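Listed below, chain by chain, are the residues.
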Protein chains: 2
Amino acid sequence: MAYHEKIADLNGKYAASFDKGDLPLPPSKKVIVLTCMDARVEPASQLGINLGEAHVIRNAGGLAKDALRSIVISQRLLGTREVAIFHHTDCGMLTFTNEVIRDQVKSEEAGNAAIVSAVDSIDFLPFPDLVQSVKDDVKFVKENPLVLDGTTVTGWTYDVRTGKVAQIV
Amino acid sequence: MAYHEKIADLNGKYAASFDKGDLPLPPSKKVIVLTCMDARVEPASQLGINLGEAHVIRNAGGLAKDALRSIVISQRLLGTREVAIFHHTDCGMLTFTNEVIRDQVKSEEAGNAAIVSAVDSIDFLPFPDLVQSVKDDVKFVKENPLVLDGTTVTGWTYDVRTGKVAQIV
């Protein structure tokens, strides 16, 4: 059975005992957690985030460059003042380059000119070094003019084998 | 105490009983869940996602246009074949326009020319209608040439007052 065929049943069990319907829109801890889409990452339990406390932004790698629209909305409209960035061990972003993924897509869609142009226009933002990628992302957020002055920015790694975080910045 | 000062302690409690260190990189359910960064959204519990099962992409609104890089990486390199898109009631994206947020940022950063240029270059992707935004996002994914043919795409709303989902597409 496909996942979408199970969603109503899975959600029904959750909704049956749901009692947090009065939480306000702005995150109570005034924090953004930025992390990877990886299936082994689950911020609420791993980082102790309760419902209503934090904005959680997730993309391939947990990369700030691809999260700027969301960060600006979070800070300017919803009052967050802290950003915590988590990249993780065994991340898919460590395993390829722009050339590799572009060549793969082109070979899978041979002869489709629209695909060639579209895939060449995307920077997939792969990174070769986990710790350096965290440092680079913290720097990007701290130095970006759209991010509010005085924002606290920290950078961390999460180990998918041990479940442990380590602070880098 | 700021959130980052509590992370090590909160994570330590999780890691102490962590026993999922052998999960593989590709999501076992071959699914991408795309949803909003909103603090009242927590996909794992609300949608019954276990560790290792799904890529979870989150941004302001849960918008596919801002997730394309991640979707391509997920499908082409990590084998996902289904996308489930969730937007939610009381979303911040329903409350503003590009003009509103751009004017606000410019007034907060008066006189900074770099800010004016930077904020004008971002489409913040606000939407005025929740159900229509879900339909538009499903259409965007289904029609995008970079998304694999045969991908199952569903669209849903999540009600932050009741904890319940409803399928739109």
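Residues numbered from 1 in each chain as written. Chains lettered and ligands numbered in written order. Predicted model: local features only at pLDDT ≥ 70, side-chain atom pairs only at ≥ 80, totals over all residues. Heavy atoms only, no water.

Where an unreviewed UniProt entry is consulted, chain A appears under the name Carbonic anhydrase, with the organism given as Hypholoma sublateritium. The UniProt entry for chain A carries the following comment under Function (unreviewed entry): "Reversible hydration of carbon dioxide." The Sequence similarities (unreviewed entry) comment attached to chain A in UniProt states, word for word, "Belongs to the beta-class carbonic anhydrase family." (UniProt positions renumbered as here; feature names shortened; annotations may be inferred.)

All names here are of chain B. In total, this model carries 20 salt bridges over all chains according to the counting rule given. Note that Lys13 is salt-bridged to Asp9, the shortest N-O span being 3.0 Å. Here Asp9 and Lys13 lie together in helix α1 (residues 7-16), a separation of 4 residues that amounts to about one turn. Across the pair, Asp9 and Lys13 agree in class, each one exposed. Two residues, Asp90 and Arg40, come together in a salt bridge whose shortest N-O distance is 2.7 Å. (Salt bridge = Lys/Arg side-chain N within 4 Å of Asp/Glu carboxyl O. Helix = DSSP H or I, 4+ residues; strand = E, 2+ residues; numbered from the N terminus. Buried < 20%, exposed > 50% of the residue type's maximum accessible area, 1.4 Å probe, protein only.)

Residues and elements named next belong to chain A. Judged by how many residues are buried, strand β2 (residues 54-59) sits mostly within the fold: 6 of 6 residues are covered. Note that strand β1 (residues 31-36) and β2 share 6 bridges and pair parallel. Residue Leu34 lies in a different strand from β2, and its bridge partner there is Ile57. (Pairing = 2+ DSSP bridges.)

If you look at the interface, chain A gives 85 residues, while chain B gives 85 residues. Between chain A and chain B, roughly 7100 Å² of surface is buried when both sides are summed, and carbon and sulfur atoms account for 63% of that area. Considering only the surface of chain A that becomes buried against chain B, Tyr3(A), Met37(A) and Arg69(A) emerge as the three largest contributors, covering 12% of it. At the surface where chain A touches chain B, the tally comes to 6 salt bridges. Residue Arg76(A) pairs with Glu109(B) through a salt bridge whose shortest N-O separation is 2.8 Å. Here the side of chain A that touches chain B is built from residues that sort into 49 nonpolar, 17 polar and 19 charged. (Contact = heavy atoms within 4.5 Å. Buried area = accessible area lost by both parts, 1.4 Å probe. Nonpolar A, V, L, I, M, F, W, Y, C, P; charged D, E, K, R; others polar.)

Judged by how many residues are buried, helix α3 (residues 68-78) of chain A sits mostly within the fold: 10 of 11 residues are covered. Within the sequence span of α3(A), burial applies to Leu68(A), Arg69(A), Ser70(A), Ile71(A), Val72(A), Ile73(A), Ser74(A), Gln75(A), Arg76(A) and Leu78(A). The secondary structure elements touched by the buried residues of α3(A) are β1, β2 and α6 (130-143) of chain A together with β2 (54-59) and α4 (98-108) of chain B. Gly79(A) sits one or two residues past α3(A) and shows a positive phi near 80°.

Further remarks concern empty space enclosed by the protein. All chains considered together, the criterion is met by 6 cavities of 30 Å³ or more. Size it by volume and the largest cavity reaches roughly 200 Å³. The wall of the largest cavity is formed by 25 residues, among which Glu42(A), Pro43(A), Glu42(B), Pro43(B) and Ala44(B) lie closest to the centre. Of all the secondary-structure elements, those providing two or more residues to the lining of the largest cavity are α2 (43-46) and β2 of chain A together with α2 (43-46) and β2 of chain B. Of the residues contributing to the lining of the largest cavity, the split by class is 16 nonpolar, 3 polar and 6 charged. (1 Å grid on protein atoms, 1.4 Å probe; cavity = no way out; pocket = protein on both sides within 12 Å on 5 of 7 lines; lining within 4 Å. Points joined across faces, edges and corners; volume = space filled by probe spheres on them.)

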